[in-house]
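Coordinates in review
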Number of protein chains: 4
Amino acid sequence: MRPARLEAFSDGVFAIAATLLVLELRVPRGSPDLERALLEEWPAYAAYLVSFMTIGIIWVNHHTLLEHIRRVDRPFLYLNLFLLIWVAIVPFPTSVVDEYILIEGAATVALVLYGGVALLIAIAFSGLFFYATHDERLVSDRAYARRIRAEGRLFPIGLVAYSAGIALAFVVPVASLAVYGLTALFYALPRLPIAPQR
Amino acid sequence: MRPARLEAFSDGVFAIAATLLVLELRVPRGSPDLERALLEEWPAYAAYLVSFMTIGIIWVNHHTLLEHIRRVDRPFLYLNLFLLIWVAIVPFPTSVVDEYILIEGAATVALVLYGGVALLIAIAFSGLFFYATHDERLVSDRAYARRIRAEGRLFPIGLVAYSAGIALAFVVPVASLAVYGLTALFYALPRLPIAPQR
Amino acid sequence: MRPARLEAFSDGVFAIAATLLVLELRVPRGSPDLERALLEEWPAYAAYLVSFMTIGIIWVNHHTLLEHIRRVDRPFLYLNLFLLIWVAIVPFPTSVVDEYILIEGAATVALVLYGGVALLIAIAFSGLFFYATHDERLVSDRAYARRIRAEGRLFPIGLVAYSAGIALAFVVPVASLAVYGLTALFYALPRLPIAPQR
Amino acid sequence: MRPARLEAFSDGVFAIAATLLVLELRVPRGSPDLERALLEEWPAYAAYLVSFMTIGIIWVNHHTLLEHIRRVDRPFLYLNLFLLIWVAIVPFPTSVVDEYILIEGAATVALVLYGGVALLIAIAFSGLFFYATHDERLVSDRAYARRIRAEGRLFPIGLVAYSAGIALAFVVPVASLAVYGLTALFYALPRLPIAPQR
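Criteria and thresholds
- Residues numbered from 1 in each chain as written.
- Chains lettered and ligands numbered in written order.
- Predicted model: local features only at pLDDT ≥ 70, side-chain atom pairs only at ≥ 80, totals over all residues.
- Heavy atoms only, no water.
- Contact = heavy atoms within 4.5 Å.
- Buried < 20%, exposed > 50% of the residue type's maximum accessible area, 1.4 Å probe, protein only.
- Helix = DSSP H or I, 4+ residues; strand = E, 2+ residues; numbered from the N terminus.
- Least-squares fit on C-alpha atoms with pLDDT ≥ 70 in both.
- Salt bridge = Lys/Arg side-chain N within 4 Å of Asp/Glu carboxyl O.
- Axes fitted to C-alpha atoms, helices over the stretch in contact; angles between N-to-C directions.
- Parallel < 35°, antiparallel > 145°, perpendicular 65-115°, else oblique.
- Left-handed = near helix turned anticlockwise from the far one by under 90°.
- Nonpolar A, V, L, I, M, F, W, Y, C, P; charged D, E, K, R; others polar.

Description of the arrangement of the chains
Nowhere do chain A and chain C come into contact; their C-alpha atoms are at least 9 Å apart. One finds no contact linking chain B with chain D; the least C-alpha distance across the pair is 9 Å.

A few points about helix H5 (residues 91-100) of chain C
For the α-helix, the turn length of 3.6 residues means that residues three or four positions removed from each other point alike. With 10 of its 10 residues buried, H5 of chain C lies for the most part within the structure. Buried-residue contacts for H5 of chain C involve helix H1 (4-20), helix H3 (42-67), helix H4 (74-88) and helix H6 (106-133) of chain C together with helix H2 (34-39) and helix H3 (42-67) of chain D.

Structural notes on the relation of the copies chain A and chain B
Once chain A is rotated about the relating axis by 90° and shifted along it by 0.0 Å, it coincides with chain B to within an RMSD of 0.0 Å. Here the transformation between the copies is reduced to the relation of a four-fold axis. In terms of proximity to the rotation axis, the leading residue of chain A is Gly 12 of chain A, whose C-alpha is 4.4 Å off the axis. The residues that chain A uses at the interface reappear at the interface of chain B in only 12% of cases, marking distinct surfaces.

Points about the pattern of salt bridges
In the structure shown here, the tally under the stated rule is 12 salt bridges over all chains. For Arg 26 of chain B, the salt bridge goes to Glu 99 of chain B, with nearest N and O atoms at 3.1 Å. Taken as a pair, Arg 26 of chain B in the loop between helix H1 (4-20) and helix H2 (34-39) and Glu 99 of chain B in helix H5 (residues 91-100) lie far apart in primary sequence, 73 residues in all. For Arg 26 of chain B, a relative accessible area of 39% translates into the label partly exposed. One salt bridge connects Glu 40 of chain D with Arg 36 of chain D, and the closest N-O pair in it is separated by 3.5 Å. Of the residues examined, Arg 36 of chain D reaches a relative accessible area of 54% and is grouped as exposed.

Focus: the relation of the copies chain C and chain D
Turning chain C through 90° and shifting it by 0.0 Å along the axis lays it on chain D, with an RMSD of 0.0 Å. In this assembly the copies use different faces: only 12% of the residues contributing to the interface of chain C also contribute to that of chain D.

Description of the packing of H4 of chain C against H3 of chain D
Orientation of H4 of chain C relative to H3 of chain D, taken along the N-to-C sense of each, is 140°, at an axis distance of 11 Å. One way to sum up the angle between H4 of chain C and H3 of chain D is to call them oblique. Remark: the crossing between H4 of chain C and H3 of chain D carries right-handed chirality. Two secondary-structure elements touch here, H4 of chain C through Arg 74, Leu 77, Tyr 78, Leu 81, Leu 84, Ile 85 and Ala 88 of chain C and H3 of chain D through Tyr 48, Leu 49, Phe 52, Gly 56, Ile 57, Trp 59, Val 60, Asn 61 and Thr 64 of chain D. Of the residues in the contact of H4 of chain C with H3 of chain D, the class split is 12 nonpolar, 3 polar and 1 charged.

Pasting the structure below:
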């Protein structure tokens with residue numbers, strides 16, 4: 001089975017989930033002081049940026065992984081679906097964070113929810129990665145398979161970082177959002193070797 | 001006519017319908033107990049999962065069917081459009097189920113509506129399948145055409161299962177949603193042979 | 001310039017506009033009689049079907065036209081953008097029709113608006129068609145160019161039908177929606193010859 | 001790395017952002033005079049048109065730039081993500097403009113916000129352009145690289161025009177929206193040479 005359509009469907013879900021985030025930015029209605037009303041929505045902008053970055057960077061890694069893959073099988077399709085189900089849900093915890101980040105107590109719940117979804121995305125992506133590179137089944141080249149798997153050793157760092165962010169939500173919720181943003185950036189570091197021209 | 005653009009348009013509709021489901025997950029506004037408010041929304045999460053799985057798995061089967069197809073003709077395009085119209089409407093019955101699953105009487109109506117749409121998707125997909133594999137018109141290989149059609153004998157099971165789910169909605173509505181979820185999983189079983197590399 | 005990306009962007013807009021229509025189907029909130037509340041929404045279902053068909057069928061024709069095209073130039077890109085702007089707006093008149101089709105006076109305004117957008121889509125598509133097939137500039141084959149242009153002679157029928165629907169909106173608004181649906185079906189008739197395998 | 005999937009993801013974001021704009025066109029509910037209610041929404045239509053044009057024309061330029069590119073690297077992917085984050089947010093300032101364009105004082109804030117996002121898109125696109133064409137790293141042909149870079153000399157005009165529009169928002173807010181529309185049209189002028197057939 002060719003990976004082309006898997007990419008098309010996945011790209012669709014990534015792009016739509018990222019773009020739907022904008023619907024969570026609520027326009028203040030009939031505000032007497034628009035400038036202040038817009039500035040007071042800063043948690044919405046922060047959550048928008050962290051979520052867009054998280055989705056965008058996972059997309060770059062997904063893209064890079066798929067570049068190395070010669071064929072996909074049914075388990076891979078379902079693992080990918082498992083990843084997409086959590087990517088597609090991102091606008092929901094983003095919106096919960098927008099609404100509750102400044103409210104004591106509720107902020108912790110909101111950021112644990114957000115971190116939980118981020119963690120599920122990281123776990124699902126790791127699963128897809130290790131399934132694809134396990135015993136060189138799907139990758140296009142044996143040498144790449146080894147190099148790619150070597151890179152995968154860094155993934156647990158991301159899982160630990162998201163878990164730390166969740167723990168931090170019980171102490172300083174706002175800092176927790178910053179940890180999620182930084183973890184997304186961690187995933188942006190160039191790790192996978194670029195595939196040769198085909 | 002090449003199937004590439006048919007795939008692109010179909011992938012778009014599948015991906016968007018699946019991703020729009022998240023808009024049905026409503027953020028509790030100004031709730032004093034956010035944790036409880038989120039937990040009380042469990043029917044919305046259950047319906048989200050069943051609908052995402054239903055769309056995702058039909059997409060995998062659509063993908064697999066199209067892999068075997070060499071060309072498409074106009075009737076195929078319109079049969080495909082008939083399938084997409086029901087896939088695209090899924091967020092509506094999902095939202096009705098969210099809203100009414102715990103309300104006696106209305107729950108039956110909601111789950112009959114949901115099951116009706118699921119049944120229409122299953123019928124439309126079967127129609128597309130049998131049209132495409134009928135007398136080997138569109139498939140790329142005679143041997144495959146035979147094998148694919150043989151697999152199609154299992155489709156009526158899905159139709160019966162959805163009908164049973166609709167009947168069950170009159171007795172135990174929540175169980176009906178579980179039947180719809182299990183029927184989606186039934187469609188996930190590997191049936192169609194994987195196409196050879198091209 | 002290759003038409004591939006033009007197709008991808010266009011397919012995206014067609015697919016999203018068609019799928020966003022579902023957001024216009026409003027779930028009755030806290031209704032005591034759900035069955036009746038759902039049945040009373042029939043204008044929304046009728047408008048959903050007509051709009052989905054209109055977008056889906058224009059997509060099929062767009063697809064068929066692009067199949068015959070070897071290259072695209074900048075004017076073609078902008079003509080295509082002019083078509084997409086009207087396709088993307090379809091959910092708006094659809095929603096206005098949902099809301100007002102049963103209210104005397106307002107129904108006429110709603111259906112004139114709807115017909116106006118449908119007419120603009122038909123005009124924009126005709127423009128794209130005649131630009132692309134004019135003096136065989138963009139099509140891949142001289143014989144096809146002639147045959148395609150010959151088919152285009154039928155387009156004015158669609159323009160007249162939409163105009164008649166708009167006029168009818170002043171007399172029997174509901175019948176006007178039926179005319180729009182039938183005109184969409186008229187565009188579904190096989191007209192363009194199928195391109196040979198490439 | 002092949003640019004194909006970058007195009008698919010980007011096309012998705014462009015197409016969705018453009019199509020989500022329609023959700024900002026609010027249907028008047030239960031209006032006694034529908035015609036007047038619709039006509040009074042003219043700022044929404046104007047903002048819809050300017051935003052659709054802005055996104056559509058940036059897409060055409062993105063498309064043209066990518067046509068000349070042979071390969072993409074990680075920095076290019078992230079610069080592109082930086083562009084998409086601002087494209088995807090366009091429905092938000094569009095909606096703010098809809099809501100406040102006729103309210104003195106707030107109109108200035110709304111149009112500064114809108115112009116700021118437009119300026120960020122223009123800066124991000126220029127960054128992508130100059131990165132891609134810098135020392136012929138990613139483009140497919142040395143002669144094209146030179147010609148493309150020469151065209152890029154015109155980009156600062158767009159940046160100046162958006163800045164002028166922002167300044168104008170403090171004096172005549174409505175005129176500012178017109179400047180944004182005209183600047184989008186300026187970007188539509190054919191500048192990049194068309195790539196040869198490949």
